[in-house]
Amino acid sequence: MKNKMSSKIPVSAVVITLNAEAHLDRCLEALAVCSEIVVLDSGSTDRTREIALRHGARWHERSFDGYGPQKCRAVELAHHDWILSVDADEVLDHGAVTAVAGIDWSAADLMTCWRIRRRTFIGDREIKHGHWSTERPVRLFNRLVTGFDPVLVHESVRPTTAVRDLPGCMLHYSYLDLSEIIRLDYHRLKAIRYRGAGRRAGGGLLTLRAFWAAFYSYVVRGGCLEGGAGVVIALASAVNATMGLAMASETEAAKPRVVPGRLKPVPGKAGERVVYPKTA
């Protein structure tokens, strides 16, 4: 793809990482059309840094303090105001890369955001039904007018009045198998967020939330067509709709701790560090 895209566009691609070597090579290869790639890492011990520098990325390190704050900081580190944010387990397909490269950036409206259809995989199998099938997160935007919400988890770009669909797709390789779908680390972070907002819920409301989330995923969105995977995804949806709120409703003695899973605090890393790629 690097050979096909000879000219760079005035867009900064930003990626946050922690031990992301599994898909990072393909992720960054698809971003080669951008003028720069910014990688903000929170303590990788695998080949993440090596892969990032091989693709010419600017490498920064920062202790993890939540997904939203981490992505906000990555956006701040960029040299360009137009931002393309991609997770380390997401890969833009050829259609999306071509669409990004084809935008007339000299005349682009600052108020415009682009959302990208996300296709999620469990291992090598694409999940085509269920609530995941409708995901179109905003990932291309101008930081002068919008950006990520600085929330601990389930962060998203605050949409502007002009949100457009970008042609192509974003391939999401977040799960090796069904066992990885339920992420307790996310729920701990959500509980902290809910507790700070003063949100609480009793058994009745939690039951209704769980039932609707599972029903919507499995029946309304056709998750039943995915077999056993559809069942697990629907159950995970029910857990996602209730666990954080249930934890936030516990007594203060049971207050959840910040224990992110794949992105966790880095001991002894006060401040930040940047490594620039070697030039020929």
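Structure first, text after, so check above.
Residues numbered from 1 in each chain as written. Predicted model: local features only at pLDDT ≥ 70, side-chain atom pairs only at ≥ 80, totals over all residues. Heavy atoms only, no water.

A.B. asks: Lay out the overall build of the protein with the relevant residues and their values.
C.D. replies: When you go through the protein residue by residue, the secondary structure sums to 7 helices and 10 strands. When the 280 residues of the protein are sorted by exposure, 49% land in the buried category. For the protein, long-range pairs separated by at least 24 residues make up 79% of all intrachain contacts whose partners lie at least 6 apart in sequence. Of the roughly 13300 Å² that the protein leaves accessible, carbon and sulfur atoms contribute 54%. (Helix = DSSP H or I, 4+ residues; strand = E, 2+ residues; numbered from the N terminus. Buried < 20%, exposed > 50% of the residue type's maximum accessible area, 1.4 Å probe, protein only. Contact = heavy atoms within 4.5 Å. Areas by Shrake-Rupley, 256 points an atom, 1.4 Å probe, with all protein chains shown as cover.)

A.B. asks: Tell me about the environment of Val38, residues and numbers included.
C.D. replies: Position of Val38 among the secondary structure elements: in strand E2 (residues 34-41). Between the C-alpha atoms of Val38 and His79, which are 41 residues apart in sequence, the distance is 9.1 Å. Residues in contact with Val38, not counting those within four places in the same chain, are Ala13, Val14, Val15, Arg58, His60, Ala74, Leu77 and Ala78.

A.B. asks: Any details on a nonpolar patch on the surface? Residues and values, ideally.
C.D. replies: A contiguous nonpolar surface patch, about 500 Å² in accessible area, is contributed by Phe211, Trp212, Phe215, Val219 and Val220. Turning to its location among the elements, Val219 is positioned in helix H6 (residues 203-220). With relative accessibility at 43%, the residue Val219 sits in the partly exposed group. (Patch = residues over 30% accessible without salt bridge, like charges linked within 9 Å, V, L, I, M, F, W, Y side chains within 5 Å. Salt bridge = Lys/Arg side-chain N within 4 Å of Asp/Glu carboxyl O.)

A.B. asks: Lay out the packing of H6 against helix H7 (residues 228-248) in plain terms, naming residues and giving numbers.
C.D. replies: Two numbers describe how H6 lies on H7: the axes approach to 8 Å, and their chain directions differ by 150°. Judged by the inter-axis angle, H6 sits roughly antiparallel to H7. Seen from above, H6 lies across H7 with right-handed handedness. Between H6 and H7, the residues in contact are Leu206, Arg209, Ala210, Ala213, Ala214, Ser217 and Tyr218 and Gly230, Val231, Ile233, Ala234, Ser237, Ala238, Ala241, Thr242, Leu245 and Ala246, respectively. (Axes fitted to C-alpha atoms, helices over the stretch in contact; angles between N-to-C directions. Parallel < 35°, antiparallel > 145°, perpendicular 65-115°, else oblique. Left-handed = near helix turned anticlockwise from the far one by under 90°.)

A.B. asks: Mind laying out unusual backbone geometry, listing which residues take part and the relevant values?
C.D. replies: With glycine set apart, most residues show a phi of negative sign, and most peptide bonds adopt trans. Residues other than glycine seldom take positive phi values, yet Asn19 does so here, at roughly 50°. By the element assignment, Asn19 lies in the loop between strand E1 (9-17) and helix H1 (21-29). The class of Asn19 is partly exposed, set by a relative accessible area of 39%.

A.B. asks: Help me get a handle on the pattern of salt bridges, residues and values and all.
C.D. replies: Scanning all chains against the criterion turns up 19 salt bridges. Its salt-bridge partner being Arg47, residue Glu21 comes within 4.0 Å of it at the nearest N-O pair. Placement of Glu21 in helix H1 and of Arg47 in the loop between E2 and helix H2 (48-54) is noted, with a sequence separation of 26 residues between them. What makes Arg47 partly exposed here is its relative accessible area of 37%. Measuring nitrogen to oxygen at the nearest pair gives 3.9 Å for the salt bridge that ties Arg54 to Glu50. Of this pair, Arg54 and Glu50 are both found in helix H2, 4 residues apart, which corresponds to roughly one turn of the helix. By relative accessible area, Arg54 is classed as partly exposed at 44%.

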